[in-house]
Amino acid sequence: MDGDVPTSSGVPVTDELIAALAEEAEEGYDVETLRRRGGRRPIGSAPADVVPVRLDPELRSALITRAKRDQTSASEVIRRALRAWLHVA
């Protein structure tokens, strides 16, 4: 490699970097010290499912307006509405 391909942190990827990372990986990692990555916070008692829903333009517009007014996401507005309508905590 010529070092012209950056990593996500902007560090050039060189043959030396690849060799060092490979050596580090071959030695193994202490799982207890690995940093936990972020990810989405749980929103219920188990992992959530994605449910595609078709919305007409007027309903979509009202949803976006409400989300902006409440300073939240469209998904959160939908979840709140469903919980209220279905009487689920």
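Just above, that's the structure.
For the structure given in this document, a descriptive report is provided here. All figures in this text were calculated on a predicted structure; none of them were measured in a lab.

## Focus: the overall build of the protein
No. 1: For the protein, the count of helices and strands is 3 helices and 0 strands.
No. 2: Listed N to C, the secondary structure of the protein is α-α-α in terms of helices and strands.
No. 3: Looking at the 89 residues of the protein, the share that counts as buried comes to 7%.
No. 4: Within the protein, residue pairs in contact and separated by at least 24 positions form 6% of the contacts whose partners lie at least 6 positions apart.
No. 5: Put simply, the protein shows about 8,500 Å² of open surface, and 55% of that area lies on carbon and sulfur atoms.

## A few points about helix 1 (residues 15-27)
No. 1: End to end, helix 1 covers 18 Å across 13 residues, agreeing with the expected 18 Å (1.5 Å per residue, within 8%).
No. 2: Positioned one or two residues after helix 1, G28 has a phi angle of 95°, which is positive.

## Points about a negative patch on the surface
No. 1: A surface patch of negative charge is lined by E23, E24, E26 and E27.
No. 2: Mapped onto the elements of the fold, E23 is located in helix 1.

Conventions and cut-offs
- Within each chain, residue numbers correspond to sequence positions counted from 1 in written order.
- The predicted origin of the model limits local features to residues at a pLDDT of at least 70 and limits the giving and counting of side-chain atom pairs to 80 or more, whereas totals for whole chains, interfaces and linings rest on all residues.
- Excluding hydrogens and water, the side-chain figures rest on all heavy atoms present in the structure.
- Numbering of helices and strands starts at the N terminus; helices are DSSP runs of H or I of at least 4 residues and strands are runs of E of at least 2.
- Exposure categories follow from relative accessible area, calculated using a 1.4 Å probe and restricted to protein chains: below 20% of the type maximum is buried, above 50% is exposed, and the middle band is partly exposed.
- Two residues form a contact once any of their heavy atoms are found within 4.5 Å.
- To be clear on the numbers: accessible area is Shrake-Rupley with a 1.4 Å probe, and residue cover counts the displayed protein chains and nothing else.
- Given a helix with a known number of residues, its expected span is that number minus one, times 1.5 Å.
- Like charges are joined within 9 Å and nonpolar side chains (Val, Leu, Ile, Met, Phe, Trp, Tyr) within 5 Å, but only among residues with over 30% relative accessible area and no salt bridge; these make up the patches.
- We count a salt bridge whenever a side-chain nitrogen from Lys or Arg sits within 4 Å of a carboxyl oxygen from Asp or Glu.
- Here Asp and Glu are counted as negative and Lys and Arg as positive; His is not counted, and neither are the chain ends.
- To locate a charge, take atom NZ for lysine, CZ for arginine, CG for aspartate or CD for glutamate.

Treat this as a map of the structure, not an account of what it does.
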